[in-house]
Amino acid sequence: MSVVRTTAVSLLGAAGVAMMAAGPMMAAAGLKARAEIRTELRGQAISLPDKGLPDDLAAYQGQAVLTGTQARAFAQVIGNNVLMATGGRSYGEISAELHAASGDEKLEGLRHTAFTGQMLRASLLNAYQAWQLTTLVIGLGGRTKAGDGQAEFHAASSSSHPRRSFA
């Protein structure tokens, strides 16, 4: 075997060993982060309305917001509510109107509503994005069941460990 080939085989072997060691650590870190997201969302005590949701969100009616997917659904509800309250105008548009009208109390209240709604929406979307990132990290380190927010983790380096399911 040539020196180049021996070096390449050694480097690839070392990379494989490193990946096998990193996989379980990545899955564990992803599961820990997902648990932190759940804890933070649970602490907010947010629930989706029992009725009146659009058809595409009807499956979430009455559910507590505990997952990234549920956070995204509630963010959509907030976004729709803000658009209804502002007549479809954005925070920036309302702010521009307020500056032009100089001191209009109704516009000031509307701007506050738009700002608060958009900040709440952004926070929920951040939770959704973090949830998606944990899905990626868990997937790179182990294996996830698509759609249910549950992760199955198994050590790639050892087949003697039984599979464990984590929520």
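As a starting point, this report considers the structure included with it. Each chain carries its own residue numbering, running from 1 in the direction its sequence is written. Side-chain atom pairs in this predicted model are given and counted only at pLDDT of 80 or more, local residue features only at pLDDT of at least 70, and totals for whole chains, interfaces and linings cover all residues. Only hydrogens and water are set aside when side-chain values are computed; all heavy atoms of the structure are taken into account.

Salt bridges are defined as contacts in which a side-chain nitrogen from Lys or Arg sits within 4 Å of a carboxyl oxygen from Asp or Glu. Counting across every chain of the model gives three salt bridges. A salt bridge links Glu97 to Arg89; the shortest N-O distance between them is 2.6 Å. Classification of Glu97 as partly exposed rests on a relative accessible area of 30%. Buried residues are those whose accessible area, probed at 1.4 Å on protein chains only, stays under 20% of the maximum for their type, while exposed residues exceed 50% and partly exposed ones sit between those limits. Classification of Arg89 by relative accessible area gives partly exposed; the value is 26%.

All right, on to the environment of Tyr91 then. With respect to the element layout, Tyr91 can be found in helix 3 (residues 91-101). A relative accessible area of 33% places Tyr91 in the partly exposed class. Considering only alpha carbons, one finds Tyr91 and His112, 21 residues apart in sequence, at a separation of 8.5 Å. Those residues in contact with Tyr91 that lie beyond four places of it in its chain are Arg111, Ala114 and Phe115. Numbering of helices and strands runs from the N terminus; a helix is a DSSP stretch of H or I covering at least four residues, while a strand is a stretch of E covering at least two. In this description, contact between two residues means that some pair of their heavy atoms is separated by no more than 4.5 Å.

Another point: the nonpolar core. Nonpolar core, defined: a set of buried Ala, Val, Leu, Ile, Met, Phe, Trp, Tyr and Cys residues in which side-chain atoms within 4.5 Å join the residues together. Membership of the largest hydrophobic core comes to 22 residues, with the highest contact counts inside it found for Leu41, Leu48, Val65, Ala71, Phe74 and Leu124. The leading source of residues in this core is helix 2 (residues 68-85), at seven residues. When near neighbours in sequence (up to four residues on either side) are disregarded, Leu124 contacts Leu41, Ile46, Ala71, Phe74, Ala75 and Ile78.

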